[in-house]
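Read off the chains here:
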Amino acid sequence: MNIKEIISQMTLEEKAGLCSGLDFWHTKPVERLGVRSVMVSDGPHGLRKQDQKADHLGMNDSIKAVCMPAACATAASFDRELIGRMGQAIGDSCQHEQLSVVLGPAVNIKRSPLCGRNFEYLSEDPYLAGEMAAAYINGVQSRNVGTSIKHFAANDQEHRRMSSSSNADERTLREIYFPAFETAVKKAQPWTVMCSYNKINGVYASQNHWLLTEVLRSEWGFEGYVMSDWGAVSDRVPGLAAGLDLEMPSSGGVNDRKIVAAVRSGELDEAVLDRAVERILTVNERYLANAKPETPWDQEADHLLSARIAGECMVLLKNEGVLPLDKKDAVAFIGEFAAKPRFQGGGSSHINCFKTTSALEAAQGLNVTYAQGYSVAADEAADESIAEAVEAAKAAKVAVVFAGLPDSYESEGYDRTSMAMPACQNRLIEAVAAANPNTVVVLHNGSPVEMPWLSKVKAVLEAYLGGQAVGLATVRALYGDVNPSGHLAESFPIKLEDNPSYLSYGGEADEADYREGVFVGYRYYDKKRMDVAFPFGHGLSYTTFTYSDLRLSADHITDRDTLTVTVKAANTGSRPGKTVVQLYVGDKQSTVFRPVRELKGFEKVELAPGESRDVTFTLDKRAFAYWNTDLHDWHVETGEFTIEVGQSSRAIDAAATVTVTSTVKLKKHYTKDSIFMDIMADPDAMKVIRPLMDSMGQMFGGHGGESDAAHEAVTDEMGAAMVRYMPLRSMVSFSGGAVSDEMLDGMLQAMNA
Ligand code: BGC
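Treat the numbers as computed from the prediction; the structure is a model and nothing was measured.

(A) Structural detail: the overall build of the chain. Helix and strand content of the chain: 25 helices and 25 strands. The C-alpha atoms of the chain give a radius of gyration of 30 Å, which matches the 27 Å a tight globule of 753 residues would have. Viewed in the frame of its principal axes, the chain has a C-alpha envelope of about 95 × 75 × 50 Å. In the chain, which comprises 753 residues, the share counted as buried stands at 60%. Taking as baseline every contact in the chain between residues at least 6 positions apart, the subset at least 24 positions apart corresponds to 76%. As displayed, the chain has an accessible area near 28,600 Å², and 50% of this comes from carbon and sulfur atoms.

Below is the structure:
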């Protein structure tokens, strides 16, 4: 299909029409030219393909499909290959169902535990989110089906999501809120990007030229089309000019007519419209030319795949010798989630599962009893239910309480109001733990919860929202058929108030100021050395690992070189298992505020008992850089950096230091108000000013008249300290006429040359 040729034959109306949906899920056809309509569908952890009529908010009329673990869980796998495999399966199901694009992955940063959509998002860490997103996209797109990475950008709250402005400074956007998108574009070239509902620093994402064109296309090289989130268009014509190609869903023709009028009046260059149409048709054609509706979709096989993936995502948060369970032992499963697990979140990602497996079903044939304990429908537990659960706990060797957040607690469309679990569940856990010293808690939630009972239970297994087969995966993990290997992709603070965004999350009216800046998640907790319930990257195993023999390819590099880091990972326990080797980099001294450590590499490694293996990472400039707001670019400050390798951000096994020298000279501009401290740090500027400073010995060194040497040293130091903060102009005022305004001007000219 010659797309340019077809566009040249289209009427203005046809072209404008192609820039919005036919309905909720289809692009428009132009039949007379052979342009076909294609369908898109949510996503991202399975298909929510609308059946027949398009009811945007209806969740029940989508086709039967397979619900894989949600992003909160898959991120915890720290396993690129695994999430890529999930992407392939989803891509195959899209081919079977004739879908051109699946709407995901969703990669917004988990700024606060309160965001209602955290369960759909990957991490508080941009590096991890970017790596996992790229692997997922490559998986789906290997099947010739597109993805739509969303929601671009800084869409980190549900509260007032269609009107709120996410106000963050340039460095914070570049270091925290953009990289997941950037990495995905650079490593996986998603076919489409979905822009978010919110504004960014006052400008809607859907009409933000800087975001959609300068950053996304010119800097990162995005080649596909940008679609709007459903209903995210405020002003269509500026939006099109800004780089928003496809408005979704349909605009009922209203915005199409505005586009036509704008071209006719000369307000909008027709070339801009042609370019948008070309982008949309190119992506559609890529799917159509490779469509394979005969691709089989074996849902039973995907159910088992879903169980396998969920098993790799489980995070063993705590274990004091009680897990894994022995299949011979009497075990009480307590809590409604044991019979009816919560395994996905509410809203546009909600999947109509063809089947589910609960833990209770999966435990058939084992020595397991059940007591409901609480009802998800109620916040308060009936005394009889608790009493019944306590009896079951007393009669068993181990009590496993299945707890977490009910559907209504976290969903698309609104935020949580606290980090607490329902009171009835907390009460139940306390009662069960008092009755049986071997109490285990399994959690189903999409975001951190407070655990007031933590010290009273022996083990906690974070199962997240693990998809429709989560019950099977949970039983395998509890009994040791699967050795847990998930690690937290987010910090679990002790209480909500500890979270760095606590004071300003949600914003005032429509202004959501990101006041914590780059200090999101562990970047804040580690800097503050604050106790957390569980740190970023944490996850236990039924075996033990150590990392040692850390080797760097060099002690000194420049910012143009790469550094190879090798470490030996060993399984020192008695079971096979997988460990997540995490590499963190920290700038020892910097002129800007920086986190203590930032994740810059990770590898998941499987090791047999006693086995050890070298794990290698390659670091480039970006691993050491921060975003410099004068250069508007990444920059490395010359100096020493720590390279830490550990099993969480708080469990560092090995560390080393490397010196990185910058090859970029920052251009400074001095004025008469520049202070000596900054000038003294710049050898070139010092060359100009040194002779004058020396001739003004009085002011810059000797104080004269003092006889006591010790006293003289102290006053010298004080004098030097005072001078450090003095502006250049003080040379004129304090030199007793020796330095004139003209001399100062001449000096400044030389310094700035
Ligand atoms: C959500 C998107 C979703 C779209 C289509 C919007 O409300 O924010 O994530 O893909 O609807 O269902």
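After presenting the structure, the write-up continues.
(B) Layout of the sheet that holds strand β12 (residues 398–404). Read from one edge of the open sheet, 6 strands run β9-β14-β13-β12-β10-β11, paired in mixed fashion. Looking at which strands have only one partner, the edges of the open sheet turn out to be β9 (315–319) and β11 (368–371). The sheet shows a mean angle of 20 degrees between the axes of neighbouring strands, direction not considered. Sheet topology places strand β13 (residues 439–444) next to strand β14 (residues 459–462); 4 bridges connect them, and they run parallel.

(C) Local environment of the nonpolar core. Core analysis: the biggest nonpolar cluster contains 186 residues, and F152, F333, I334, V400, W453 and L478 have the highest contact counts within it. Looking at which domains feed residues into this core, each of domain 1 (40–144 + 162–188 + 299–524) and domain 2 (545–661) supplies at least three. Apart from the residues lying within four places of it in its own chain, the contact partners of L478 are L323, P324, L325, F333, V400, F402, V440, V442, L461 and Y542. Core analysis: the second largest hydrophobic core is formed by 29 residues, L619, V636, F641 and V658 among them.

(D) Spatial organisation of the site of the ligand. Near the ligand, the surroundings consist of 15 residues, among which D42, R117, H151, Y197 and D229 are the closest. One of the side-chain nitrogen or oxygen atoms of K150 is found 3.0 Å away from an oxygen atom of the ligand. A total of 310 Å² of accessible area belongs to the ligand in isolation, and the protein chains cover 99% of it. Of the residues assigned to the shell around the ligand, the class counts are 5 nonpolar, 3 polar and 7 charged.

(E) Summary view of the packing of helix α12 (residues 299–313) against helix α17 (residues 470–478). Between α12 and α17, the shortest axis-to-axis distance is 8 Å and the interhelical angle comes to 45 degrees. The angle between the axes of α12 and α17 places the two elements in the oblique class. You can see that α12 and α17 cross each other, and the crossing is right-handed. Counted together, L304, A307, R308, A310 and G311 of α12 and L472, A473 and R476 of α17 form the full contact between these two elements. Here the residues of the contact of α12 with α17 are counted per class, giving 5 nonpolar, 1 polar and 2 charged.

(F) View of the domain arrangement of the chain. Domain boundaries assigned for the chain yield domain 1 (40–144 + 162–188 + 299–524), domain 2 (545–661) and domain 3 (676–752). Facing the 26 residues of domain 1 at the interface are 27 residues of domain 2. Buried surface at the junction of domain 1 and domain 2, summed over both partners, amounts to about 2,300 Å²; 53% is from carbon and sulfur atoms. Of all residues in domain 1, F78, R171 and Y522 bury the most surface against domain 2, accounting for 25% of the area lost on that side. The interface formed by domain 1 and domain 2 includes 4 salt bridges. Salt-bridge contacts for R523 lead to E598; the nearest nitrogen and oxygen are separated by 3.0 Å. Those elements that place two or more of their residues in the side of domain 1 that touches domain 2 are α5 (126–141), α6 (170–177), α7 (179–188) and α18 (522–528). Residue composition of the side of domain 1 that touches domain 2, by class: 9 nonpolar, 6 polar and 11 charged.

(G) Representation of the sheet that holds strand β19 (residues 577–587) in the model. Read across the sheet, 5 strands follow the order β17-β25-β24-β19-β20 without closing on themselves; strand pairing throughout is mixed. Each edge of the sheet is formed by a strand with only one pairing partner; in this case those strands are β17 (556–558) and β20 (598–607). If you compare each strand with its neighbour and ignore which way they point, the axes differ by 30 degrees on average. One ladder, built from 9 bridges, connects strand β24 (residues 639–648) with strand β25 (residues 651–661); its direction is antiparallel.

(H) Representation of the side chain of S349 in the model. Relative to the helices and strands, S349 is located in the loop between α13 (336–339) and α14 (359–362). When residues no more than four places from it in sequence are discounted, the contact partners of S349 are G43, P44, H45, F119, E120, Q344 and E412.

(I) Here's a closer look at helix α15 (residues 383–395). Taking 1.5 Å of rise per residue, 13 residues should cover 18 Å, and α15 covers 18 Å from first to last C-alpha, within 8% of that figure. Of all the positions in α15, only I386, A389, V390, A392 and A393 are classed as buried. Angularly, the buried residues of α15 cover 160 degrees about the axis, an arc narrow enough to put them on a single face. In this structure, α15 carries D383, E384, K394 and A395 as exposed residues pointing more than 90 degrees from its buried face. In this fold, the buried residues of α15 make contact with β10 (331–334), β11, β12 and α16 (423–435).

(J) Quick look at unusual backbone geometry. The amide bond that connects G104 to the next residue, P105, takes the cis arrangement and shows omega of 5 degrees. Tracing the backbone shows P105 in the loop between β2 (101–102) and α5. The omega torsion of the bond from M248 to P249 falls at -5 degrees, within 30 degrees of zero and hence cis. Positive phi outside glycine occurs at F78, with the angle close to 50 degrees. Examined against the element boundaries, F78 turns out to sit in the loop between α3 (71–76) and α4 (80–97). Phi is positive for R529, which is not a glycine, with a value near 50 degrees. On the secondary structure map, R529 appears in the loop between α18 and β16 (545–552). Owing to a relative accessible area of 77%, R529 belongs among the exposed residues under this scheme.

(K) Looking closely at the state of the cysteines. In this structure the tally under the stated criterion is 0 disulfides. C19 forms no disulfide, and the closest cysteine sulfur to it belongs to C195, at a distance of 13 Å. The closest cysteine sulfur to the non-disulfide-bonded C313 is located on C72, 8.8 Å from its own sulfur.

(L) Quick peek at the side chain of S123. Here S123 is to be found in the loop between β2 and α5. In terms of polar contacts, S123 uses its side chain to reach the backbone carbonyl oxygen of A489, at 2.6 Å. Setting aside residues up to four positions removed in sequence, S123 forms contacts with N108, I109, K110, L128, A129, A489 and F536.

(M) Quick look at the packing of α15 against α16. Packing of α15 against α16 brings their axes to within 9 Å, and their N-to-C directions diverge by 35 degrees. Relative to α16, the crossing made by α15 is right-handed. Residues D383, I386, A389, V390, A393 and K394 of α15 pack against R427, L428, A431, V432 and A435 of α16. Across the contact of α15 with α16, the residue classes tally to 8 nonpolar, no polar and 3 charged.

(N) Main features of the pattern of salt bridges. Overall, the coordinates contain 54 salt bridges when judged by the stated rule. K588 serves as the salt-bridge partner of E640, at 3.6 Å between the closest nitrogen and oxygen. Of this pair, E640 sits in strand β24 while K588 sits in the loop between β19 and β20, and the two are 52 residues apart along the sequence. Exposure remark for E640: the relative accessible area of 40% places this residue in the partly exposed category.

The rules behind these values
Residues numbered from 1 in each chain as written. Predicted model: local features only at pLDDT ≥ 70, side-chain atom pairs only at ≥ 80, totals over all residues. Heavy atoms only, no water. Helix = DSSP H or I, 4+ residues; strand = E, 2+ residues; numbered from the N terminus. Rg over C-alpha atoms; globule rule 2.2 N^0.38 Å. Buried < 20%, exposed > 50% of the residue type's maximum accessible area, 1.4 Å probe, protein only. Contact = heavy atoms within 4.5 Å. Areas by Shrake-Rupley, 256 points an atom, 1.4 Å probe, with all protein chains shown as cover. Pairing = 2+ DSSP bridges. Axes fitted to C-alpha atoms, helices over the stretch in contact; angles between N-to-C directions. Core = buried A, V, L, I, M, F, W, Y, C linked by side-chain atoms within 4.5 Å. Domains from an automatic or database assignment. Near = heavy atom within 4 Å. Polar contact = N/O pair within 3.5 Å; in protein donor to acceptor, adjacent residues only side chain to side chain. Nonpolar A, V, L, I, M, F, W, Y, C, P; charged D, E, K, R; others polar. Parallel < 35°, antiparallel > 145°, perpendicular 65-115°, else oblique. Left-handed = near helix turned anticlockwise from the far one by under 90°. Buried area = accessible area lost by both parts, 1.4 Å probe. Salt bridge = Lys/Arg side-chain N within 4 Å of Asp/Glu carboxyl O. Expected span 1.5 Å × (residues − 1). Arc of directions from axis to C-beta. Disulfide = S-S within 2.5 Å.

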